[in-house]
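Each chain, written out:
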Amino acid sequence: MIVGYMRTGKPVVARTWIAAVLAALLISATFVGAVPAHADDIRSSEYWLKARGISEAHKITKGKGVKVAIIDTGIDTSHPDLKGAVTGGADMSGSGGPQGDKPIGVMSEHGTLVATLLGGRGNNKQEIERVKSENERLKTAWEKAKKHAEDENKDKEDDEEKVEVPKEPEYEKIPALRAGNDGVLGVAPEAELLSVSLWMGGDNPAGIPVEEQIPKAVRWAVDSGAKVINMSLGSTSPAWPESWDDAFKYAEDKDVVIVAAAGNRSGGMSQVGAPATIPGVLTVAGVDESGKASKDSSTEGISIGVAAPAEQLVGGLPGGGYARWSGTSGAAPLVAGVAALIRAEHPQMKAPQVINRILQTAKDTGAPGVDNLYGYGIIDAHAAVTANVPVAKENPLNTITEWIRIHRRNVDSTTEAPDPGVSMEKSTLNPVAAPKPILPDDSTPVLQPVIVVGGSVLLLLALLLGGTQIGVSARRQKKIREVELAALSKLPVDEPNDGRDFFDEIPEDEK
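Owing to the predicted nature of the structure, the values given are computational and were not obtained by experimental measurement.

Reading guide: rules and limits
Residues numbered from 1 in each chain as written. Predicted model: local features only at pLDDT ≥ 70, side-chain atom pairs only at ≥ 80, totals over all residues. Heavy atoms only, no water. Helix = DSSP H or I, 4+ residues; strand = E, 2+ residues; numbered from the N terminus. Areas by Shrake-Rupley, 256 points an atom, 1.4 Å probe, with all protein chains shown as cover. Expected span 1.5 Å × (residues − 1). Buried < 20%, exposed > 50% of the residue type's maximum accessible area, 1.4 Å probe, protein only. Core = buried A, V, L, I, M, F, W, Y, C linked by side-chain atoms within 4.5 Å. Contact = heavy atoms within 4.5 Å. Axes fitted to C-alpha atoms, helices over the stretch in contact; angles between N-to-C directions. Parallel < 35°, antiparallel > 145°, perpendicular 65-115°, else oblique. Left-handed = near helix turned anticlockwise from the far one by under 90°. Nonpolar A, V, L, I, M, F, W, Y, C, P; charged D, E, K, R; others polar. Patch = residues over 30% accessible without salt bridge, like charges linked within 9 Å, V, L, I, M, F, W, Y side chains within 5 Å. Salt bridge = Lys/Arg side-chain N within 4 Å of Asp/Glu carboxyl O. Lys, Arg positive; Asp, Glu negative; His and termini not counted. Charge placed at Lys NZ, Arg CZ, Asp CG, Glu CD. Pairing = 2+ DSSP bridges.

1. Overview of the overall build of the protein chain
So, point 1. Of the regular secondary structure elements, the protein chain holds 13 helices and 16 strands.
So, point 2. Put simply, the protein chain shows about 22200 Å² of open surface, and 51% of that area lies on carbon and sulfur atoms.

This is the structure in structure tokens:
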């Protein structure tokens, strides 16, 4: 359970978001023994690297030396694409690992997905496999030649000339696992990631509510040297607990850029929710591959600062696998990564200027000027790093300090809490109903969905090295279906979501 604030200004208890619970349970029930995907398929799927100027920006900077805190469900630091990327962390839930490296909560894979998009370094597994394969080929050939020579010598008389037995060849040294051309390449692959784990969704075994975890997480990140904080989480309420004020002001005073996800319509968010409504926070909306506002994987509101890709994303899963997913939970780390690139290239630049560069260099989309779907436009990483942008004296997205001065004065129980970030303007996008659950069939091809439930999709990539198709026996497929149906029968799939949750809905629809 969590506590939010409604328009009466009185605390209310919010219900756990059912869709997140459902998706997590079905993932564990329907997908067993995932193997890493072929790296070429992963890297080639990252269309945003070229389309949004990230590849060009990497010729200048990759975010080296900038600390970025990911406040999420914990990061699996053993993922091959994150080797050396996570340099510290902490747990705020009381239920995670002390370094924030234990994925926790209902959607425990969320933090790892976010981390790989932001700071993934890729891996060199294909190079390792190539060397191993070549060494094995050489060894097999040598053993065959050796045996042949030895057999030949057995049949010769003592005075006959012996066949020379070949010496064992020198094998190529197997490379250590490191960053490489395979796997997920993040926006800031040389940034230092800090994993701050929260328990979101379901009852926290330690009993610490998430509204208490979040301000602690923000303060810890700031004190640990983070210059950028990513928060791929959200609420259906635009208001936030007053207890958050000091933590977000602390980050503002310490010159930290906070990036937050705007939320998703398919998760029941018709407007931007906290913390993305907090003044000074850079709020990220979602667009599809063509650059149009996403119908499902985004929302709208006057607090939206910029937009980024939120559909057909790929990311790493705990245990070394990969997933295709959607949502502003994925769009936010793309923008946080751009902020890290700017801070690496312009280390003296203050947070308001960093945010202003991202906004002013964004590609204007939709209605001319700033609007409720795209904010200032869609990110352009290369322009954000290199363009000549006038120095901003103030944060274009305002400040929490000023908001507190105006709105927290003389507030009593009869005063309505303000609704920051709520727009009365409506977009032309039509709401999309959540699809009914479907089951995988035996012909499911590579990169196709295996889970679609309650508006949430986790498209798990299980590819053998070399890009071969997945072979699933009829018996195993039948058992998987039986488990999935059993899980479905026990969960309230159709129960409406009229509560609030600080967990942004991921993974979600992919059409």
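What follows continues from the structure just given.
2. Details of helix α6 (residues 125–154)
So, point 1. The end-to-end C-alpha distance of α6, which contains 30 residues, comes to 43 Å, matching closely the 44 Å that a straight helix rising 1.5 Å per residue would cover.
So, point 2. Along α6, the residues classified as buried are Ile128, Val131, Asn135, Trp142, Ala149 and Asn153.

3. Thoughts on unusual backbone geometry
Generally, phi is negative for residues other than glycine and the peptide bonds are trans, each holding for most cases.
So, point 1. Residue Pro275 follows Ala274 across a cis peptide bond; omega there is 5°.
So, point 2. Relative to the helices and strands, Pro275 resides in the loop between β9 (257–261) and β10 (282–287).
So, point 3. We note that Asp255 has phi near 65°; this positive angle belongs to a residue other than glycine.
So, point 4. Here Asp255 is to be found in the loop between α8 (245–253) and β9.

4. Some details on the nonpolar core
So, point 1. Core analysis: the largest hydrophobic core is formed by 61 residues, its most contacted members being Trp48, Leu193, Leu282, Val306, Val335 and Ile358.
So, point 2. When residues of this core are assigned to their parent elements, the largest contribution, 10 residues, is made by helix α9 (residues 328–345).
So, point 3. Ignoring any residue separated from it by four or fewer positions in sequence, one finds Trp48 in contact with Gly53, Ile54, Leu117, Pro309, Gln312, Leu313, Val314 and Leu334.

5. Remarks on the packing of helix α7 (residues 210–223) against α8
So, point 1. Direction vectors running N to C along α7 and α8 enclose 20°, while the axes themselves pass 8 Å from each other. Regarding the angle of α7 to α8, the classification is roughly parallel. Judged by the twist between their axes, the crossing of α7 over α8 is left-handed. For the pair formed by α7 and α8, the contact residues are Ile214, Pro215, Val218, Arg219, Val222 and Asp223 on the first element and Asp246, Ala247, Phe248, Tyr250 and Ala251 on the second.
So, point 2. Partitioned by chemical class, the residues of the contact of α7 with α8 number eight nonpolar, no polar and three charged.

6. Quick notes on a negative patch on the surface
So, point 1. Among the surface-exposed residues, Glu157, Asp158, Asp159 and Glu160 lie close enough to one another that they form a single negatively charged patch.
So, point 2. Residue placement: Glu160 occurs in the loop between α6 and β6 (182–185).
So, point 3. A relative accessible area of 36% means that Glu160 is categorised as partly exposed.

7. Some details on the sheet that holds β9
So, point 1. The seven strands are arranged β4-β7-β3-β8-β9-β10-β11 in an open sheet whose pairing can be described as parallel. In this open sheet, the two edge strands, each paired with only one partner strand, are β4 (86–91) and β11 (304–309). With direction set aside, neighbouring strand axes in the sheet form an average angle of 25°.
So, point 2. Looking at chain direction, β10 and β11 are connected through five bridges and run parallel. The partner of Ala285 across the bridge, within β11, is Ala307.
So, point 3. Its contacts with the sheet place α9 against β3 (67–72), β8 (228–231), β9, β10 and β11, and it is angled at close to 160° to β9.

8. With respect to the pattern of salt bridges
So, point 1. Within the structure shown, the criterion is met by 12 salt bridges.
So, point 2. Linking Lys59 and Glu56 is a salt bridge whose minimum nitrogen-to-oxygen distance equals 2.8 Å.
So, point 3. Judged by relative accessible area, which is 38%, Glu56 ranks as partly exposed.
So, point 4. The salt bridge partner of Arg343 is Asp255, with a shortest N-O separation of 2.8 Å. Of this pair, Arg343 sits in helix α9 while Asp255 sits in the loop between α8 and β9; the two residues are 88 residues apart in sequence, bridging distant segments of the chain. For the residue pair Arg343 and Asp255, the accessibility class agrees, reading buried in each case.

As far as function goes, none of this settles anything; it's purely spatial.
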